[in-house]
Amino acid sequence: MGKYKNHRGPAKKKTDEVIRRPTAGQRQEAAAGEISLPLKPSAQTTLPTLLKELAKGSEDDKIRSLLGISCLENVTLDKQSLRSIAPLLNDSSNTVQVAAANALRMLAMSGGSKVANDMIDDDIMTPLETVMYAAYGVLFSGKTLLDDKIIKERLVSCIKLLWTLSENSERALQFASKPRTMNVLISCAECIDDYLALPAVQCLQTITEDNTEAIQQLTSRQKYMLDVLALESTAAEKIQLQTLFASVIVNVHNCTMSRVLPATLITVVGTLAKCLKINMISQLEAFDEKNMKKCPTTDKEEMDIDEDFDESKENDPFVKEILDMGLLIDAQVCALETLANICTNNDDDEEMNTSESSEDAFSESEFEEGLCSNIQSLTLPPTLSSEVVNSILQNGILALTMEKAQPVPEELLSRLAAFIEEEDIPNRLKKLQNRALLCLHNLIRGLPLEELGGAQQLQETWRSLAVKIVTEWDSDAELMEAATSSLRALSSRLAEEKGGSSLIQEMSTGDLEKLCKLAEGCQDASVRINIYRVLSSISAIVSLNYSEKTAPLILTAGKFLLEQITKETEIVVIAEALDALMDALSEDCSDAACVEMKLVARLRDMVPALKHKIHSQRRQAQGYNPVVSTVKANLQRFIKYKAQRLRFD
């Protein structure tokens, strides 16, 4: 898995324009600026309709249209539509400015990097900069923070738009890293008003990822951030703020926490653990129990939880509790992402980056020359520093991560759907589970075996996870990628530690075929690659515990990998499958399976086509040179070795 990063690549293709109802948070933003809410969205309320309303020119029409646009999901946005909205950042009405910034933010979130870069192409940064600096100048003009509701809302909406653009575009980071912009963000992050501080720190967390210019401007603020982490508070806003500051500190140190003072490491990991110790399932169950006493029916049509929202509901404990749960889930997501980064060996990443820079790696003359002598290439897990390991163990991070990896009971979510769906709580909980599985991957790779519970515990975790993957999670693409990543780490670690004997003794070819079938029908290349690596590690474990009973597992894995190599079209995925195949069949005990598969002849037939694909896809594969280079270096040597073993000429 490695380091967790925000992906600023192309957005996934989306279809079907969907209208979502304003969340309680959006309603609070509207109330803060005394903005009347749009009409209840209907199937007829589409983007063209709202843009026509926007063009009418009155303040009320603009506000209602912009808030309606904020409620659209999966919008296909052209540049002309964007140019109808962006100028409203400079509208004479403060409330229109706020509504325009929020609409642009939601469109950028929905459209991803394409829409974000379109906005930058159309110079969205100039009006954004003007409004943000002006609002900041008013609020921070005196010795104390000015308490002006609508001006504060203008600044917050601009920061949130900048944050979303920075998450989706590298070009936006250049603006966000400017000293004047950083000064605005730092001042807001360090102010006493959490409403300003939270979005500012969220933005800082994003722009300090591998960004030297931004990091240099924050280095001197570490003492303040550590002081915030030391505060005692159970308020959701404070817990999220502390978690975000902990993440920023990790970013400032480029995730190499072994190089910081022990006291800093203890404080950071302790803060993340404190956040993760909050049991969200227990909170949901308590909320459910209170709700049943307050309102026995759960029929959404019979409940008046958001149809006639007014400002008096802004401080309603019922609404506040839902909003707090959302904040805590987001904080726990951040905590797990940060821990995954702490458990990453950056030295390995740097070596990989160095190897990727060479164009010579794609020289075809090297294809038939072995560059390395080892046929089997199982990689030992990176070694975490003793300081990091001790801090993780003292705070029970492994157990907390395993807890977050468990799904919330569907019946509980179903009962609470009418209350929590508007704040997207179910999807936020899925994201939490996803991040827990990705963090688990790094913990499995980096912690000592005994601290993971030994080989026996890893085998039990493997069984449990594999069952969920093939029976429950196969329809969720993101969850599948995270889960198969953890399964891959478990399999690899068992092979490295020469464990897994009881696992393969209980495993049938039918069990393995379920994983194979899952990979065969999966559109996500990352999931397929993870399963290829699982099969490779299982075969390695079989080789260590070879018997007549376990031999068919090698044949099943080998046959499937060989077939997939012929079906895959991308050189990177082909290389991963080939590398997995060579690992799976590297030991001499696999000879019988190789004969049955006609392995040598089939691999020899593949070589010309493989050379052609490497040449034609060399640019697309540049980010994955190590695995492609490994296959190029080892394939001919592997074929020659197996031909000699099998006396195949």
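Residues numbered from 1 in each chain as written. Predicted model: local features only at pLDDT ≥ 70, side-chain atom pairs only at ≥ 80, totals over all residues. Heavy atoms only, no water.

### Brief notes about the overall build of the protein
Now for step 1: Of regular secondary structure, the protein possesses 31 helices and two strands.
Now for step 2: Residues classed as buried in the protein amount to 56% of the 649 residues present.
Now for step 3: Partitioning the intrachain contacts of the protein with sequence separation of at least 6 by distance along the chain shows that 82% fall at a separation of at least 24.
Now for step 4: About 28,600 Å² of surface is accessible on the protein, with carbon and sulfur atoms providing 50% of the total. (Helix = DSSP H or I, 4+ residues; strand = E, 2+ residues; numbered from the N terminus. Buried < 20%, exposed > 50% of the residue type's maximum accessible area, 1.4 Å probe, protein only. Contact = heavy atoms within 4.5 Å. Areas by Shrake-Rupley, 256 points an atom, 1.4 Å probe, with all protein chains shown as cover.)

### Observations regarding the side chain of S491
Now for step 1: Position of S491 relative to the elements: it lies in helix α23 (residues 477-496).
Now for step 2: Every residue in contact with S491, bar those within four places of it in the chain, is listed here: W462, V534, S537 and I541.

### Some thoughts on helix α7 (residues 149-168)
Now for step 1: Relative to the 28 Å expected for 20 residues at 1.5 Å per residue, α7 spans 29 Å between its end C-alpha atoms, a close match to the ideal helical length.
Now for step 2: Among the 20 residues that make up α7, 18 are buried, leaving the element largely enclosed by the rest of the structure.
Now for step 3: Residue D148 occupies the N-cap position of α7, its side-chain oxygen lying 3.3 Å from the main-chain nitrogen of I150. (Expected span 1.5 Å × (residues − 1). Polar contact = N/O pair within 3.5 Å; in protein donor to acceptor, adjacent residues only side chain to side chain.)

### Quick look at the packing of helix α25 (residues 509-520) against helix α27 (residues 551-567)
Now for step 1: Running from N to C, α25 and α27 point in directions that differ by 15°, and their axes come no closer than 9 Å. On the basis of the axis angle, α25 is roughly parallel to α27. The handedness of the crossing between α25 and α27 comes out as right-handed. For the pair α25 and α27, the contacting residues are T509, L512, E513, C516, A519 and E520 in the first and P552, L553, T556, A557, F560, Q564 and K567 in the second.
Now for step 2: For the contact of α25 with α27, the residue count by class is seven nonpolar, three polar and three charged. (Axes fitted to C-alpha atoms, helices over the stretch in contact; angles between N-to-C directions. Parallel < 35°, antiparallel > 145°, perpendicular 65-115°, else oblique. Left-handed = near helix turned anticlockwise from the far one by under 90°. Nonpolar A, V, L, I, M, F, W, Y, C, P; charged D, E, K, R; others polar.)

### Some remarks on the nonpolar core
Now for step 1: Ranked by internal contacts, the top residues of the largest apolar core, which has 211 residues, are L155, L165, W462, I538 and L603.
Now for step 2: It is helix α16 (residues 317-342) that provides the largest number of residues to this core, a total of 14 residues.
Now for step 3: Not counting chain neighbours up to four residues away, the residues in contact with W462 comprise L487, L490, S491, L494, L503, M507, L515, V534 and I538. (Core = buried A, V, L, I, M, F, W, Y, C linked by side-chain atoms within 4.5 Å.)

### Brief notes about the state of the cysteines
Now for step 1: Considering all chains together, one arrives at zero disulfides under this definition.
Now for step 2: No disulfide involves C334; its sulfur sits 7.7 Å from that of C275, the nearest cysteine.
Now for step 3: Among the cysteines around C589, which has no disulfide bond, C594 carries the closest sulfur, lying 9.3 Å off. (Disulfide = S-S within 2.5 Å.)

### Looking at unusual backbone geometry
Now for step 1: One non-glycine residue with positive phi stands out, namely D123, at about 60°.
Now for step 2: When you line up the elements, D123 lands in the loop between α5 (94-121) and α6 (125-139).
Now for step 3: Relative accessible area serves as the criterion here: at 42%, D123 is assigned to the partly exposed category.

### Considering the pattern of salt bridges
Now for step 1: With the rule as written, the count across this model stands at 30 salt bridges.
Now for step 2: Here D288 makes a salt bridge to R415, at a shortest N to O gap of 2.8 Å. Of this pair, D288 sits in helix α15 (residues 280-294) while R415 sits in helix α20 (residues 410-420), placing them 127 residues apart in sequence.
Now for step 3: Of the residues examined, R415 reaches a relative accessible area of 35% and is grouped as partly exposed.
Now for step 4: Salt bridges sharing partners connect three or more residues here, namely R533, E576, D579 and D583. (Salt bridge = Lys/Arg side-chain N within 4 Å of Asp/Glu carboxyl O.)

### Observations concerning helix α3 (residues 59-70)
Now for step 1: Over its twelve residues, α3 extends 17 Å from the first C-alpha to the last, a length consistent with the 16 Å expected when each residue adds 1.5 Å.
Now for step 2: Burial analysis of α3 places nine of its twelve residues in the buried class, which makes it a mostly covered element.

### Re the packing of helix α12 (residues 222-229) against helix α14 (residues 262-276)
A pair of packed helices can be characterised by two numbers: the angle between their axes and the separation between those axes.
Now for step 1: Close contact between α12 and α14 brings their axes to 10 Å; oriented N to C, the two are set at 45°. The pairing of α12 with α14 is recorded here as oblique in orientation. At the point where α12 passes α14, the crossing takes the left-handed sense. Judged by residue contacts, Q222, L226 and L229 of α12 engage T264, T267, V268 and T271 from α14.
Now for step 2: Taken together, the residues that form the contact of α12 with α14 break down as three nonpolar, four polar and no charged.

### Things to note about the confidence of the model for the protein
As a note on interpretation, predicted positions should not be read in detail where pLDDT is low.
Now for step 1: Residues with a pLDDT of 70 or more make up 81% of the protein, whose mean pLDDT is 83.
Now for step 2: Throughout residues 7-24 the model reports pLDDT below 50, and contacts reaching past four residues in sequence, or to other chains, amount to 56 contacts.
Now for step 3: This model gives residues 347-382 a pLDDT under 50, and the stretch forms 75 contacts once residues within four places in sequence are excluded. (pLDDT = per-residue confidence, 0-100.)

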